[in-house]
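Understanding the architecture of this molecule
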Amino acid sequence: MAAALRLARLGLGSTAPNPPVGAVVVQDGRAVGQGFHVRAGTPHAEVWALRQAGRRTRGATLYVTLEPCCHHGRTPPCTDAVLEAGVGRVVVATLDPNPQVHGRGVETLRQAGLDVAVGVLEAEAQTLLRGFATWVRARRPWVVLKAALTADGRIARPDSRRLWITSERTRSWVHHLRATCDAVLVGARTADLDTPDLRPRLPRLVSDKPVWRVFLDADLSLPSDHPVFQVPHPTIVFHDKTRTPPAGTDSVRYEGVPTTAPGYLDLGAVLRRLADYDVHRLLVEGGSRVFSSFLAEGRADEMWLFIASTVFGDVHSLGLASYLDTLATGPLRWRLRNLCPLDDDWLCVLERADTDLSTRGGQA
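The text that follows walks through the structure, step by step, so that each part is easy to find. Note that this is a predicted model, so its numbers are computed, not measured. (Residues numbered from 1 in each chain as written. Predicted model: local features only at pLDDT ≥ 70, side-chain atom pairs only at ≥ 80, totals over all residues. Heavy atoms only, no water.)

So, on to the pattern of salt bridges. In total, this model carries 17 salt bridges according to the counting rule given. As a salt-bridge pair, arginine 89 and aspartate 115 come within 3.2 Å of each other at their nearest N and O atoms. You can see arginine 89 sitting in strand 4 (residues 89–92) and its partner aspartate 115 sitting in strand 5 (residues 115–118), a full 26 residues away along the chain. Its relative accessible area of 32% is what places arginine 89 among the partly exposed residues. (Salt bridge = Lys/Arg side-chain N within 4 Å of Asp/Glu carboxyl O. Helix = DSSP H or I, 4+ residues; strand = E, 2+ residues; numbered from the N terminus. Buried < 20%, exposed > 50% of the residue type's maximum accessible area, 1.4 Å probe, protein only.)

Set out below in structure tokens:
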């Protein structure tokens, strides 16, 4: 199952609206077939693995990170392929959070006489699926906040001059993170000052599916000929719905949403609209106002903080402490998921402590 999970991770950011899934076929203690879902419309992980195994599927064990689907979508049901292959046993990491499938795929296989086990490396599989599960259950993306900051919690120099805070190795991690997401978001001020590209410089491992670039520009302060829009890449600009946007282009779309205060967009509405674009994982890169807004409204699920050893002084703070005062229901609790060194920097990954990734329940 660990091998199947490694395969599934290769599809992160490429499979929406489908989940990332990996599968391995084992015969006589040896892997004879493996596969993962690459992109919607292409064969699912189980089908790739069974095809590679060929005749060796008879009586074999299929390990799959997600319950095989049992309904017709863009492709036929995977349960049909499993039964036709003559597999003797199926080991499933976790049930599908989609109510259309949840438990039904497993039950279909069991009724056909197959031995089916559920729950092997379940927590790891659910962590991998959290973007898909959030999209299915809450109709919004899983929100990851990312920031590079100095040891004293600053994100820029006093004179606002652009200066790399973290090392080159750390920046490569950021591009890897972007590549695992469906969209990357910044505010209008960051877009104007930095003209960020937002595209991952590391190519997708298996797919050319683009990462949406998303800008929050309530007042439409960025003109349509701004350099940030000269990149021919799928882009969404969210603005106050009472304002009239310029004409969109083939690559730039304008989306009007409500505001919660002058200059502040309703982030809940933004997330719901992004879900309509099949965004399962959203990476929020700031700046400080956008970062703090997602925290203050409880819209963040995960934080990646790249902490450098440098010190800039008392300017441009992210406000990680002050935002707590704005929460009407008290501070959110976060748990540390990972802490690792990157050259002279540190990567700190935090996750909301109240996150429920469970997809169990019903038939198992």
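In this section: the packing of aromatic side chains. A complete count under the given rule lists 4 aromatic pairs for this structure. Taking the centre distance of 5.9 Å and the plane angle of 90° together, the rings of phenylalanine 215 and phenylalanine 229 count as edge-to-face. With phenylalanine 215 in strand 8 (residues 212–216) and phenylalanine 229 in the loop between strand 8 and strand 9 (235–240), the pair connects residues that are 14 residues apart, well separated along the chain. Assessed through its relative accessible area of 8%, phenylalanine 229 is described here as buried. Each ring, one from tryptophan 304 and one from phenylalanine 306, has its centre 6.3 Å from the other, and the planes form 45°; the classification is tilted. Across the pair, phenylalanine 306 and tryptophan 304 agree in class, each one buried. Arginine 51 extends its terminal NZ or CZ atom over the ring of tryptophan 48, reaching a point 5.5 Å from the ring centre. The aromatic ring of tyrosine 264 is capped on one face by arginine 289, whose charged end is 4.0 Å from the ring centroid. (Phe/Tyr/Trp six-rings, centres within 6.5 Å; stacked < 30°, edge-to-face > 60°. Lys NZ or Arg CZ within 6 Å of the ring centre and 35° of its normal.)

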